[in-house]
Amino acid sequence: MACFLLKQTDTYKDAEIIRTRDKAILDTLDIVVDVGDVYDPSQNRFDHHQKSFTDTFGGKYTSVRMSSAGLIWKHFGKEVLSKFTEISDENILDLMYLRMYRDLFQCLDGIDNGVPQYRNSEHELYKENTGLASRISRLNPSWNKPEDPMPRFIKAMELAGEDFKGILFNALEEWLPARDIVVRSILARGEVDQTLKIIRLERTCPWKDHLYTIEEEMGIDRILYVLYQDGDGRWRIQCVGENGVMFQNRLSLPEAWRGKRDEELAAISGIPGTIFVHNTGFIGGAQTYEGVLEMARASIKMQVILD
């Protein structure tokens, strides 16, 4: 991955790749990655194997030491982004730079440095052999079939590049537009309800990841409910979950509504046009926007009364 990134830069796009651990040869090269036992950006040396190396990406990302992939992304990532995108807004560029580290390079750093993904030591239930690291490892030269390793290395570099581009373009074409929708919805939440605890999406989109980040960025109180229209033209109310905690909502829909549908739900809730509330209380539906809005308001009011 590090070599793929460097080949996207103006400085190294035509550079020859030399694979060696010979220090005499390394000392003659313009840039060295993943070997050499030196991390010194001023000298274009980017190894992470030396015992003295403890650097992390920084910011929110301080739990995993960088590997060569993370190092090159840290120092050349924004230039690489400029080659694949037309982003001129520095804030958006920073957002994408961090997003790519979170979604791709942190994982590569963790695998390369042997950092467990989970803190417990339970035995694995199955083997994961489909990720990028596994696919690249299968391109290593065979132990029992001598061959020139360079063609396999080039193929591995191309494979890494395809994954990079896939994640990047997904973020550009889907993740960023969804973020714009969530930002606008949060800024307009005062027009939905005076509690500022309810937002209405202008169209259905992936919102959970964005909502937590934007809440933190804006320093706003926690939003409880998200309202949006489904593919059939009906409306949904979905509880915002606790960030990082599965199956736990900030404020579930009322117990009395859960598992109820249609006329029974309308009678219990006192809200016409309600369709359903899930057994766990994390999501519900109504025929109209006004219906799900009233469900959100009533749920908040009932919680306040119970408190």
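Quick caveat, the model's predicted, so the values are computed rather than measured.

**Quick word on unusual backbone geometry**
Phi is positive for Asp34, which is not a glycine, with a value near 75 degrees. On the secondary structure map, Asp34 appears in the loop between strand S1 (32–33) and strand S2 (39–40). Phi at Asp37 takes a positive value of approximately 60 degrees, unusual for a residue other than glycine. Note on placement: Asp37 falls in the loop between S1 and S2. On the accessibility criterion, Asp37 (51% relative accessible area) is exposed.

**Comments concerning the packing of aromatic side chains**
Applying the stated criterion to the full structure yields 16 aromatic pairs. With a centroid separation of 6.4 Å and an interplanar angle of 65 degrees, the aromatic rings of Phe57 and Tyr61 are classed as edge-to-face. In this structure Phe57 comes out as buried when scored by relative accessible area, which is 7%. Every member of this aromatic cluster is reached through a ring pair, and the members are Phe4, Phe57, Tyr61, Trp73, Phe84, Tyr97, Tyr101, Phe105, Phe164 and Phe169. Above the face of the Tyr97 ring, Lys78 is positioned so that its terminal group lies 5.1 Å from the ring centre.

**Side note on the pattern of salt bridges**
With the rule as written, the count across this model stands at 18 salt bridges. The residue Lys83 makes a salt bridge to Asp10 at a minimum N-O spacing of 2.8 Å. Pair noted here: Lys83 is in helix H3 (residues 68–84) and Asp10 is in the loop between helix H1 (2–6) and helix H2 (23–26), with a separation of 73 residues, a long-range link. With a relative accessible area of 39%, Lys83 lands in the partly exposed category. Here the salt bridges do not stand alone but share partners, grouping Arg99, Arg102, Asp103 and Asp209 into one network.

**Description of the pairing of strand S8 (residues 235–239)**
Most of S8 is tucked away: four of the five residues are buried. Pairing geometry for strand S7 (residues 225–229) and S8, over five bridges, is antiparallel. Looking across to S8, one finds that Leu227 is bridged to Ile237. Hairpin connection between S7 and S8: a loop of five residues separates the two successive antiparallel strands, and Gly233 in this loop has a positive phi of roughly 85 degrees. Examined bridge by bridge, S8 and strand S10 (residues 283–286) share four bridges and lie antiparallel to one another. Bridged to Ile237 within S10 is Gly284.

Rules and cut-offs
- Residues numbered from 1 in each chain as written.
- Predicted model: local features only at pLDDT ≥ 70, side-chain atom pairs only at ≥ 80, totals over all residues.
- Heavy atoms only, no water.
- Helix = DSSP H or I, 4+ residues; strand = E, 2+ residues; numbered from the N terminus.
- Buried < 20%, exposed > 50% of the residue type's maximum accessible area, 1.4 Å probe, protein only.
- Phe/Tyr/Trp six-rings, centres within 6.5 Å; stacked < 30°, edge-to-face > 60°.
- Lys NZ or Arg CZ within 6 Å of the ring centre and 35° of its normal.
- Salt bridge = Lys/Arg side-chain N within 4 Å of Asp/Glu carboxyl O.
- Pairing = 2+ DSSP bridges.

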